[in-house]
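# Descriptive structure summary
Take a look at the letters that make up each chain.
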Amino acid sequence: MSEKKSVPVVRHIIRDSDLGPKPDVQTRPMDLNWIINLIEDRFSCNLVDRHLHALKKMVKHYQFGFPIKDLVQVFKILNICAEKVRDQDDYIEPICDILKLCGLPFLMEKSPDESNFTQVVSESISQMGYLLRVPSAKVRLQICDSIMRLYSKEPLQKEIAEYYPTSKSYNMRMIEESGVVETLVMGLTLVESQPEIKIWIIQTLQCLSHSSAMNCNLMLNAQAASKICRILNDPDPSGQLLFRSSEILWNLIELASKKELVDQLSDFECINVFKEAFLNQMINGYSLASRQLRNDLLIIITSLAEYPTIPMIETGFTKLLIMFAAFPEVKTHNPLVHGLKISSSHEDFEMKKIFFNLLIALANDLASIQLLSDGGALLALFHYVNPNGKPGIQDWSPAQFEELQLHALSTLISVAPVMVDDYMSCQGNTQLLLLLDWCVNQDTYFGKGNSFHAAGGRGNKKAQMHYCLRLLRSMTSLGEELIIQNLHDQGAIPQLLDILKDMTSSSVEETRINLDIQTDILFILSSICEHDIHGKELFAAFGVEILIKLLKIDPNKFYSGMGHNMLILSTIDCIWCCIVGCYTAEDSFLEKGGIFLLLDFLEASSKLIHNLILGTLLELCDNTKTIHHINVWRGKNDCTAASLLLHLWRGEEKEMRVKRDTEGRILDAKKPLIGIMQHEYGTTLLPASHLSPAVIDVSENIRVKIYSIFCKLGFEDLPGLAARDYATLAIVHRYLDFKVGSIWNEIDKELKQEKVYPIHFDFESMHSIIKHYENLGREVAHHQTDILENQQKQDLFEEEKMYAEIQYNHKQSELFKESWEKYVARTSNHEILKEAKKTQEQMIESSKLERKDQNIKVHQTQIPGLYTTGFWGRLVTIETTPPELLGGPFSPVSLKVKGTCRESTMKNGNAGNKPCSLSVK
């Protein structure tokens, strides 16, 4: 028996000890269950050397990675060895060797193995994380290394017999699904006293959180943000802990759930640790890496400052940050900044810009406003609202100063509106108007255009002008009387109009920044002049002509994407605010054809701005001269203003899906104005302070404005209306009555819904009112029918008249053709000519009186020697040979006029009683 057993053992030893393994080839699978039985069997469980030898052979056999189908046995072996480490340290080395192989891509025989063994792979990787429980630094380091290599390394292109390595994307997905990051985060508590292992775990978490939102959220599930934040200031001989931890927090901020992250960091201890870490880097960080790390921490703090639940104010961190943000522009006696120096290096320059962003984040929390005011935040920002090149506290380069200047203006746009008192104490309006004056000066200045805010400003000052105007717009939009009056007193209106005039000249190119500048100026002027008659009069002297030019913009550019839509809206709003209400401005606007341009714009523009244009026209209709301009206007195809307004009314009702037939007649007399949306909404019980749907409808569409304009124009003697227009006009005329009826219907439905029953007299009155408006709807519908039927009859009459005219023209054409044929026949055939002559003579004879008065002298009606059947006159013009040609080569012509026509005419005094007979020889 012993000899039979020894044979395979010897052969096995010889096979393994042969010349060595064939390169890049696996001959046959290994029996891993035999190794498991060897280690677990009660008879061989203490044979450590045999265990190590078997594990060594296993590592050698799977030197290119483990097949997916063997992972269950592999990790069962690892877990068994991990349990034996407690009693025997010799197992640490094979565990590390096996874990090292786990960092290689797994091997599969077929492509479907990836999907078939998904659960096996994810659970195996999860088991790898659980091996952190092994109290061995070497094992823990190897676990981190294997996980990072499996997650980030591309598979090596090696030839392995019958096996294919899994892809990198598959390995990353399996690591995400395994949840091993949670185990790594929880493992931080196991290595608090082991800085080296802690760094490796942090490095692994940094790798896994780099671009995976799933890993980041799993880390938050294990309280990663709170745990990592608390170890920022732990002893770190390597100097990598703070750097790598900050990057993990940055990844969590970008990819993980914001709510969960904020909840974990809304802790005094976490913010105090952050505060200590930042102060250390801010004050003691002199190296390039330290300053870069300081900026990274500042960006993380800026992201957290957006959330009011983060206790930055309570910990004093906000006050500290504002002090650093305002340094060195604002002097302070705080000892923390006594030795602080900010150079013009790239890192300090970036820090300054990050501080600007931090001020915006802090301004979102109203609790921080007082701290911003006490820290002089606006004063520090207005330090940069100066022309470039002016000496300042900090020695920035021209390009750096320009970028900081634009960034400061952008920051003021968000911060200044919540700090109005500080804005006025810094004389913000004055500084901005001076900067605007510098922007339009023709001095030599070349913008660098190096930043996001400097777009379109390279080689010029448009970027500064753009942000300066945007800041003024932000302040005037508050409606603060003090700010607006201050701008008016400093002459902002003529200054802005001069800039706008230059920007609208034909020589200026239509770029996005130029259109934005024009839009901002119009908005500022609207805010200044809206409630100031003197401002409107001042605007009328310079601005009406500019608005007329802007009204000529092609409405098709509304969707150009360059900003024409905002410019068009701002132009019409400026007409409303700067012209309406001032008769001088209105008359000037009318004289320059402003009403015609508004109507042109209304006809050609998008529906989106119809409401605003109609509102402006309605306000201008208070001026009696406007009515004449509206009636005189003619649009495309000779369309009148009344016809255009009725067309817009029909379009609005079509969009609301009001019940109308194809001709625009009322179909539902009970609901003549209600669209399908309002009908489906039904009647809802609302508090008394809420408007009912019938009232809300007035502000949601343009019908009430069209009705109001017609109230100014009148409902009769309107030019250019067709029958369909008159049918629509009948509804417009009764709009107010129909609206009152809708409200009474709502009252009736609400009472029924609330089961409130009025007294008999009130019920009868309400019922009579509702019936009256229903009858009114039917009357209008009948009136519309009469209008359309009359028009139909008129159209039929005109059609018959046209057909009669066509028939008459055809008959005349046939008669003319017949007459012409007879004429041609007479001239071509002598027999027909004689027949015609005979017929003519018969007609003449038949026309004579049968009884003749003996005293009446009858003249001869026939002309002797005439061979035509036509009627000829009694005078003939004869051309003879000129006297100068007589005696020439031509023979003399003798003319002899025979007849007594002229003599008898002169004697009798009657030229029509005797025909003339002339002959020429």
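Thresholds, definitions, all that
- Every chain is numbered independently, its residues counted from 1 as its sequence is written.
- Local features in this predicted model are restricted to residues of pLDDT 70 or higher, and side-chain atom pairs are both shown and tallied only at a pLDDT of 80 or more, whereas totals for entire chains, interfaces and linings draw on every residue.
- As a rule here, side-chain values come from all non-hydrogen atoms in the structure, and water together with hydrogens is ignored.
- Helix numbering and strand numbering both begin at the N terminus, where a helix is a DSSP run of H or I of at least 4 residues and a strand a DSSP run of E of at least 2.
- Throughout this description, buried means an accessible area under 20% of the type-specific maximum (1.4 Å probe, protein chains only), exposed means over 50%, and partly exposed covers the range between.
- When checking whether two residues touch, look at their non-hydrogen atoms; a contact exists if any pair is within 4.5 Å.
- Here a polar contact is recorded for every N or O atom pair within 3.5 Å, except that within protein the pair must consist of a potential hydrogen donor and a potential acceptor, and residues adjacent in sequence are included only if both atoms are side-chain atoms.
- Patch definition: residues with relative accessible area over 30% and no salt bridge; like charges joined within 9 Å; nonpolar side chains (Val, Leu, Ile, Met, Phe, Trp, Tyr) joined within 5 Å.
- In this description, accessible areas are obtained by the Shrake-Rupley approach with a 1.4 Å probe, and a residue is regarded as covered only by the protein chains that are shown.
- Salt bridges are defined by distance alone: a side-chain nitrogen of Lys or Arg within 4 Å of a carboxyl oxygen of Asp or Glu.
- How far a helix is expected to stretch is found by multiplying one less than its residue total by 1.5 Å.
- Residues scored as charged are limited to Lys and Arg (positive) and Asp and Glu (negative), so that His and the chain ends carry no count.
- Every charge is mapped to an atom, namely NZ of Lys, CZ of Arg, CG of Asp or CD of Glu.
- Pairing of aromatic rings covers Phe, Tyr and Trp, the last through its six-membered ring, and needs centres within 6.5 Å; plane angles under 30 degrees mean stacked, over 60 mean edge-to-face, and all others mean tilted.
- Placement of a charge over a ring requires the Lys NZ or Arg CZ to be within 6 Å of the ring centre, with the centre-to-atom vector within 35 degrees of the ring normal.
- On a range of 0 to 100, pLDDT expresses the predictor's confidence in each residue.
- Angles shown run from 0 to 180 degrees and are taken between the N-to-C directions of axes, each axis being a line fitted to C-alpha atoms and, for helices, limited to the stretch in contact.
- Here roughly perpendicular refers to angles of 65 to 115 degrees, roughly parallel to angles under 35, roughly antiparallel to angles over 145, and oblique to all remaining angles.
- Should the near helix be turned counterclockwise from the far one by less than a right angle, the crossing is left-handed, whereas a clockwise turn marks it as right-handed.
- Note on residue categories: nonpolar means Ala, Val, Leu, Ile, Met, Phe, Trp, Tyr, Cys or Pro, charged means Asp, Glu, Lys or Arg, and polar means any other residue, Gly included.

So, on to the overall build of the protein chain. Summing up its helical and strand segments, the protein chain has 44 helices and two strands in all. Going through the 921 residues of the protein chain one by one, you find that 45% of them count as buried. Counting only contacts in the protein chain whose residues sit at least 6 apart along the sequence, the fraction spanning at least 24 positions is 75%.

A few words now on helix α40 (residues 723-733). Counting buried positions along α40 gives eight out of eleven residues, so the element sits mostly inside the fold. Taken as a whole, α40 has its buried residues at Ala723, Asp725, Ala727, Thr728, Leu729, Ala730, Ile731 and Val732. Those residues of α40 that are buried are in contact with α36 (641-656), α39 (703-713), α41 (735-753) and α42 (760-828).

Here the focus is the side chain of Gln264. One can find Gln264 in helix α15 (residues 258-265). Using a relative accessible area of 6% as the deciding quantity, one classes Gln264 as buried. Here the side chain of Gln264 touches Leu220 through a polar contact of 2.7 Å, landing on its backbone oxygen.

Now for a nonpolar patch on the surface. Among the surface-exposed residues, Phe816, Trp820, Tyr823 and Val824 lie close enough to one another that they form a single nonpolar patch of about 460 Å² accessible area. Inspection of the secondary structure assignment puts Phe816 in helix α42. Classification of Phe816 as exposed rests on a relative accessible area of 61%.

Summed over the entire model, instances satisfying the criterion amount to 32 salt bridges. The residue Lys625 makes a salt bridge to Asp587 at a minimum N-O spacing of 3.6 Å. Here the residue Lys625 occupies a position in helix α35 (residues 624-632), and Asp587 occupies one in helix α32 (residues 583-591), the gap between them amounting to 38 residues. Bridged by salt links that share partners, the residues Glu83, Arg86 and Arg133 form one connected network.

Let's shift gears to the environment of Cys216. Relative to the helices and strands, Cys216 resides in helix α12 (residues 213-221). The class for Cys216 is buried, based on a relative accessible area of 0%. Along the primary structure Cys216 and Leu255 are separated by 39 residues, whereas in three dimensions their C-alpha atoms are 6.5 Å apart. Aside from chain neighbours lying at most four places away, what touches Cys216 is Ser209, Asn251, Leu252, Leu255 and Ala256.

Turning to helix α4 (residues 71-84), a few remarks are in order. Over its 14 residues, α4 runs 20 Å from end to end, which matches the ideal 20 Å to within 8%, given 1.5 Å per residue. Packing partners of the buried residues in α4 comprise α2 (32-40), α3 (48-61), α5 (92-102) and α7 (118-130).

Attention shifts here to a negative patch on the surface. A cluster of acidic residues, Asp795, Glu798, Glu799 and Glu800, forms a negative patch on the protein surface. Judged by its relative accessible area of 40%, Asp795 falls in the partly exposed class.

Applying the stated rule across the entire model yields 13 aromatic pairs. Between the aromatic rings of Phe382 and Tyr423, the centroid separation amounts to 5.9 Å while the plane-to-plane angle is 50°, which identifies the pairing as tilted. Pair noted here: Phe382 is in helix α21 (residues 377-382) and Tyr423 is in helix α23 (residues 420-425), with a separation of 41 residues, a long-range link. In this pair, the class of Phe382 matches that of Tyr423, namely buried. Judged by centre distance (6.1 Å) and plane angle (20°), the rings of Phe710 and Phe715 are stacked. Pairwise contacts between aromatic rings join Trp649, Tyr707, Phe710, Phe715 and Tyr735 into one cluster. Over the ring of Phe523 we find Arg473; its NZ or CZ atom is 4.5 Å from the centre of that ring. For the cation-ring pair, Arg703 lies above Trp649, with the distance from its terminal atom to the ring centre recorded as 5.9 Å.

Take unusual backbone geometry next. The peptide bond linking Phe327 to Pro328 adopts the cis configuration, its omega dihedral lying at 5°. With respect to the helices and strands, Pro328 occurs in the loop between α18 (317-326) and α19 (346-363). One non-glycine residue, Gln223, adopts positive backbone phi at about 65°. Examined against the element boundaries, Gln223 turns out to sit in the loop between α12 and α13 (224-230).

Glancing now at the confidence of the model for the protein chain. Of the residues in the protein chain, 86% reach a pLDDT of 70 or more, and the chain-wide mean stands at 84. Per-element confidence in the protein chain ranges from a low mean pLDDT of 32 for helix α1 (residues 2-16) to a high of 95 for α23. A low-confidence stretch, residues 1-27 stays under pLDDT 50, and its non-local contacts, those more than four residues away or across chains, total 20 contacts. This stretch, residues 888-921, has a pLDDT under 50; its non-local contacts, to residues over four places away or in other chains, come to 31 contacts.

Moving on, we get to the packing of helix α27 (residues 492-503) against helix α28 (residues 512-529). In contact at an axis separation of 10 Å, α27 and α28 are set at 155° when each is read in the N-to-C sense. In this view, α27 runs roughly antiparallel relative to α28, as classed from their interaxial angle. When you trace α27 past α28, the crossing you get is left-handed. Where α27 abuts α28, its residues Ala492, Ile493, Leu496, Leu497, Ile499, Leu500 and Met503 lie against Asn514, Ile517, Gln518, Ile521, Leu522, Ile524, Leu525, Ile528 and Cys529. Of the residues that constitute the contact of α27 with α28, the class distribution is 14 nonpolar, two polar and no charged.

As a further point, take the environment of Asn701. With respect to the helices and strands, Asn701 occurs in the loop between α38 (693-700) and α39. Each C-alpha atom, one on Asn701 and one on Glu653, is 9.2 Å from the other, the two residues being 48 residues apart in sequence. If we ignore the near neighbours within four places in the chain, the residues touching Asn701 are Asn611, Glu652 and Met656. At 3.1 Å, the side chain of Asn701 forms a polar contact with the backbone nitrogen of Arg703.

Our next topic: the environment of Gly459. Along the chain, the position of Gly459 falls in the loop between α24 (428-440) and α25 (462-476). Its relative accessible area of 36% is what places Gly459 among the partly exposed residues. Residues Gly459 and Gly447 lie twelve residues apart in sequence; the distance between their C-alpha atoms is 4.4 Å.

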